[in-house]
Amino acid sequence: MISALTPAAVEDHLPGLSALLADTVTGGASIGFLAPMPPDAAAAWWRAVAGRLGEDHLAWAAHDGDRVVGTVQLVRATAPNSRHRGDVAKLMVHPDARGRGLARALLEAVDSRARELGVTLLVLDTETGSPAETLYEKAGWTRVGEIPDYALDPHGRPHPTTVFWKRPTGSRPNLGA
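Quick look at the structure, then.

Conventions and cut-offs
- Residues numbered from 1 in each chain as written.
- Predicted model: local features only at pLDDT ≥ 70, side-chain atom pairs only at ≥ 80, totals over all residues.
- Heavy atoms only, no water.
- Helix = DSSP H or I, 4+ residues; strand = E, 2+ residues; numbered from the N terminus.
- Buried < 20%, exposed > 50% of the residue type's maximum accessible area, 1.4 Å probe, protein only.
- Contact = heavy atoms within 4.5 Å.
- Pairing = 2+ DSSP bridges.
- Axes fitted to C-alpha atoms, helices over the stretch in contact; angles between N-to-C directions.
- Parallel < 35°, antiparallel > 145°, perpendicular 65-115°, else oblique.
- Left-handed = near helix turned anticlockwise from the far one by under 90°.
- Salt bridge = Lys/Arg side-chain N within 4 Å of Asp/Glu carboxyl O.

### Concerning the environment of Asp 64
Stage number 1. Note on placement: Asp 64 falls in strand 2 (residues 57-64).
Stage number 2. Residue Asp 64 is classed as partly exposed on the basis of its relative accessible area of 40%.
Stage number 3. Taking the C-alpha atoms as reference points, Asp 64 and Thr 126, separated by 62 residues in sequence, lie 25 Å from one another.
Stage number 4. Among all residues touching Asp 64, those that are not within four sequence positions of it are Val 69 and Arg 100.

Next comes the structure, spelled out in C-alpha cells:
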C-alpha cells in the first residue's frame, strides 16, 4: 500500500521511517548520507522533512502491513519561472523488500500527483551504475548525462551521478501564452 505522508504520519511512522533510512544507507544506497547512519540522526532528518511537508514538498510511504518498506519525495521548484518542475528525491526501498515493484509504485504515485498539480517536468539524479539507474531507464526516464565525482557514497568515496528527466504521464509541456 502506498500512502501520502503528512507531518502527523511521519511522526506516527517515525521508527519505521528512521529504520528504513538507516538500513538503506547501510545497504549502500547513495542517497545523501554516510554510513553508519545513527538512529537519532535518521529520526532528526525525518522530523526535518515533516516540517517541510506541504504544497511544495510531498512524500509517500510504501507499507507492508504496519512496516514502512519504501518512500519517495517530490520537491516542487518555487521560483516563479520554475513552478512547472519538480525534483524526485530520496527514493528508498528497504533492501529486503526490493524486487516487488515498490520503487515503480512509488514513482507512479509521484507521477500521478505531479500531473494533478500541473507539474510538467520531473528531474532526478542517482549514482551512476547503481541499480536505481537501471530502474529509471526501464521506467521511461530520459538520461541527460553524467557528472563526475558528484557525491560521496555511504562509505565516503566519490562517485559520478547520472541526471534524468521525465514528463508525468499524460502531461504536456506548458509552452506559455
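Structure's up, so let's keep going.
### Description of the sheet that holds strand 1 (residues 2-4)
Stage number 1. Strand order in the open sheet formed by seven strands is 1-2-3-4-5-7-6, with mixed pairing between adjacent strands. Looking at strand neighbours, the two that pair on one side only are strand 1 and strand 6 (142-152), the edges of this open sheet. Ignoring which end each strand starts from, the neighbouring axes of this sheet average 25 degrees apart.
Stage number 2. Two strands pair when backbone bridges link them, and strand 1 and strand 2 are joined in this way by three bridges, in the antiparallel orientation. From the neighbouring strand, Ile 2 faces strand 2, where its bridge partner is Ala 62.
Stage number 3. Helix 2 (residues 14-26) rests against strand 3 (67-76) and strand 4 (85-93) of the sheet, and its axis sits at about 85 degrees to strand 3.
Stage number 4. Across the face of the sheet, helix 5 (residues 131-138) comes into contact with strand 4, strand 5 (121-127), strand 6 and strand 7 (158-166) while running at roughly 150 degrees to strand 5.

### With respect to unusual backbone geometry
Stage number 1. Look at the link from Ala 35 to Pro 36: it is a cis peptide, with omega at -5 degrees.
Stage number 2. With respect to the helices and strands, the residue Pro 36 is situated in the loop between helix 2 and helix 3 (39-52).
Stage number 3. A positive phi is found at Lys 90, a non-glycine position, where the angle reads about 50 degrees.
Stage number 4. Phi is positive for Asp 149, which is not a glycine, with a value near 50 degrees.

### Brief notes about the packing of helix 4 (residues 102-117) against helix 5
Stage number 1. One way to put it is that helix 4 packs onto helix 5 with a least axis distance of 11 Å and a crossing angle of 55 degrees. One way to sum up the angle between helix 4 and helix 5 is to call them oblique. Taken as a pair, helix 4 and helix 5 cross one another with a handedness that is right-handed. Residues Ala 103, Arg 104 and Leu 107 of helix 4 lie in contact with helix 5, whose contacting residues are Leu 135, Tyr 136 and Lys 138.

### Some details on the pattern of salt bridges
Stage number 1. Inspection of the entire model under this criterion finds eleven salt bridges.
Stage number 2. Its salt-bridge partner being Glu 11, residue Arg 47 comes within 3.2 Å of it at the nearest N-O pair. Here the residue Arg 47 occupies a position in helix 3, and Glu 11 occupies one in helix 1 (residues 7-12), the gap between them amounting to 36 residues.
Stage number 3. The class for Glu 11 is partly exposed, based on a relative accessible area of 41%.

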